[in-house]
Amino acid sequence: MFTARKSRLALIGGIGLAASLVLAGCASSNPLDAPTDEGGESAGSDTIVIGSQAYYSNEIIAEIYAQALENADITVEREFNIGQRDAYMPDLESGAIDLFPEYTGNLLEFYDDSADVTSPEDVYTALQDALPEGLTALDYAEASDQDTYTVTKEFAEANDLTTIADLANVSEKPTIGAAPEFEQRPYGPAGAKELYGVDLGFSATGDTTLEALLAGEIQVADIYSADPAFETEEIVALEDPENLILASNVVPIASSDVADEVADVINAVSAALGADDLVALGVQSTVDEKSPEDIAKQWLEDNDLL
Amino acid sequence: MNVFAEAFAWLFSPERLEGQYALPVLLGQHLFYTVISVLIAAVIAVPVGWLIGHTGRGREVAVAISGAARAVPSFGLMVLLVLLLGVLRVPEAATITFVLLAIPSLLAGAYTGLEAIDRRVIDAARATGMTEWQIFWKVEVPLGMPLLVGGLRAATLQVIATVTIAAYVNLGGLGWPIIQGIPLRRFDQVLGGAILVAVLALVADMLLALAQRAAVPGGIRAAKPGSRTPRAARRAAAIEPAAAEPATASTT
């Protein structure tokens, strides 16, 4: 039952809606771009602000940096457990945060999705180029937290698997479980097919990847190389001789104006952070349930840095 | 390029029809979980709603439970159930979540449909000698249909919107482009997925709105003033006096 008044209101409403959609369409800026913050200089104080991701392993590394700097008589402010890159990168870029433990490969992916290098040295160089003005990458560590193609030890023995290429010999097409974005990554199943000739199905298991691997629901899993499960469960990462997987070593990212001040101390930490250290530190956190402060202190003492 | 233009380019790209995550496959998964969940919720909620509406008892309890069920955050519940039931029972965990989401609207639709019926109509039915079951099936249920379909419509809409989260636990559906697109920072994909869910919800709502109109029993529709087209009304007016004549003619 359309009265003249209702028709007019509907017409005005329709025009208003259409106009707002057209205007939205005319906008040329991408509302999802990271805000560019020119001139966000820190107030010149001597305090170094250290941030960390909402990830216990990253928090432990940040705590190690913090205690090492405090040991060198530098005042430190801790801003841990911030969140994802979309949350903390603006602060890091603007100088509100001075130092952040990052990962070479994943950070390179964040800045430049099209980069096709994979070896640790190449990725580090590419990252230095990709970093915006105002950020410096200090020395990277041997320790890494990168993707892997992991199987249970039982599966590896049953099918004689040592490298990723060996997966081609498995009689039934194996399925790999990983976070959803892995399907589209150059080192994902498509990359494995191209480089190693391995056919893999994909299952977006996400946070349940380890459980799914242990339950037999998937045959291969993308378990990050710093996961304590490598010590607590019977799993093994397959070797990657052709460097399919994007290397992602621990790298301290610092604001350029404080980089010189902290370089000596932090580079010494990075030099001592070895390939197996992150798994061991993770086990102390998840299994022994020690606090990040205790774990960091212990590690620094064991490595003669405290 | 503008974000909306990029999203449409992504939606209509031929790659969307290929592979494990092709749009038709995702749509099928989305509809599957929606239909199954609404069906199970209906089997649970509609008989209970009819019982409450017919007997007039238990209404406060039903309202309280519905209200509480609406407040439960579906995403949190789904993740909790996946953790509790294990990785081998993910479809069951998600379905339980969606069923719990659909129950309040269906329950409300069922009992308000019966409550809204004029008590005199039921008295009249009883007076003509109908048994209680006959009253229920022949009078109450048809008269309560429009509100029940309204409840179905609300439930379906909520479930369609919420099945988007099924992609987070590897069940596919139209939420997949969103869940995958965010970490990849491919916002054309994210917006494309969001547009698809919105369009599906609107289409479902329109179809169910038509169903709601169709659910009005014939007698009620005819009795409404202005429900006939002008031509039908004139024809009806012409027939009635003519129908009266043979009756008067036969008595004389």
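Focus on the overall build of chain B
On a plain count of helices and strands, chain B comes out with eleven helices and zero strands. Reading chain B from its N terminus to its C terminus gives the helix and strand order α-α-α-α-α-α-α-α-α-α-α. In summary, chain B has a C-alpha radius of gyration of 25 Å against a globular reference of 18 Å for 252 residues, an excess of more than 25%. Based on the C-alpha atoms only, the size of chain B along its principal axes is roughly 90 × 45 × 25 Å. For chain B, with 252 residues in total, the buried portion stands at 35%. Sequence-distant contacts, at least 24 apart, represent 73% of the contacts inside chain B between residues at least 6 apart.

Some thoughts on helix H2 (residues 56-71) of chain A
Residue and element names in this part refer to chain A. Its 16 residues place the ends of H2 22 Å apart at the C-alpha level, agreeing with the 22 Å of an ideal helix rising 1.5 Å per residue. In terms of residue burial, H2 counts as a mostly covered element, since 13 of its 16 residues are buried. Just downstream of H2 lies Asp-73, where phi reads positive at about 60°.

A look at the interface of chain B and chain A
Opposite the 13 residues of chain B that make contact, chain A presents 22 residues. Looking at the side of chain B that touches chain A, the elements with two or more residues in it are helix H1 (3-11) and helix H8 (176-184) of chain B. Top element by residues in the side of chain B that touches chain A is H8(B). It accounts for four residues. Counted by class, the side of chain B that touches chain A contains nine nonpolar, four polar and no charged residues.

Observations regarding the environment of A:Asn267
Residue and element names in this part refer to chain A. Along the chain, the position of Asn-267 falls in helix H10 (residues 256-272). Taking C-alpha positions, Asn-267 is 12 Å from Ala-254, a pair spaced 13 residues apart along the chain. With residues near it in sequence (within four places) discarded, Asn-267 still touches Leu-138 and Asp-139.

Digging into the confidence of the model for chain A
Looking at chain A as a whole, the pLDDT averages 90, with 92% of positions reaching at least 70. Considering only residues more than four positions removed or in separate chains, one finds that residues 34-44 of chain A, a stretch of pLDDT under 50, has twelve contacts.

Thoughts on the nonpolar core
Among the nonpolar cores identified, the biggest contains 123 residues, and A:Tyr65, B:Ala41, B:Ala94, B:Ala102 and B:Leu106 are the most heavily contacted of them. Here this core gets 14 residues from one element, more than from any other, and that element is helix H5 (residues 90-115) of chain B. The contact partners of A:Tyr65, leaving out residues within four places of it in the chain, are A:Ile50, A:Leu99, A:Pro101, A:Pro252, A:Ile266 and A:Val269.

Re the environment of A:Ser225
All names here are of chain A. Mapped onto the elements of the fold, Ser-225 is located in the loop between strand S8 (220-221) and helix H9 (229-232). Residue classification places Ser-225 among the buried residues on the basis of 20 C-beta atoms within 10 Å. Taking the C-alpha atoms as reference, Ser-225 lies 6.4 Å from Asp-147; in sequence the two are 78 residues apart. With near-sequence residues (within four places) excluded, Ser-225 lies in contact with Ser-144, Asp-145, Gln-146, Thr-148 and Ala-237.

Some details on unusual backbone geometry
Across residues other than glycine, the phi torsion is negative in most instances, and most of the peptide bonds are trans. Here A:Asn81, not a glycine, exhibits a phi torsion of approximately 55°, which is positive. For A:Asn81, the position within the fold is in the loop between strand S2 (76-79) and helix H3 (85-94). You will see that B:Arg185, though not glycine, has its phi angle at about 60°, which is positive. Relative to the helices and strands, B:Arg185 is located in the loop between H8 and helix H9 (187-214).

Parameters at a glance
- Residues numbered from 1 in each chain as written.
- Chains lettered and ligands numbered in written order.
- Predicted model: local features only at pLDDT ≥ 70, side-chain atom pairs only at ≥ 80, totals over all residues.
- Helix = DSSP H or I, 4+ residues; strand = E, 2+ residues; numbered from the N terminus.
- Rg over C-alpha atoms; globule rule 2.2 N^0.38 Å.
- Buried ≥ 20, exposed ≤ 12 C-beta atoms within 10 Å, placed from the backbone.
- Contact = placed C-beta atoms within 7 Å.
- Expected span 1.5 Å × (residues − 1).
- Nonpolar A, V, L, I, M, F, W, Y, C, P; charged D, E, K, R; others polar.
- pLDDT = per-residue confidence, 0-100.
- Core = buried A, V, L, I, M, F, W, Y, C linked by C-beta atoms within 7 Å.

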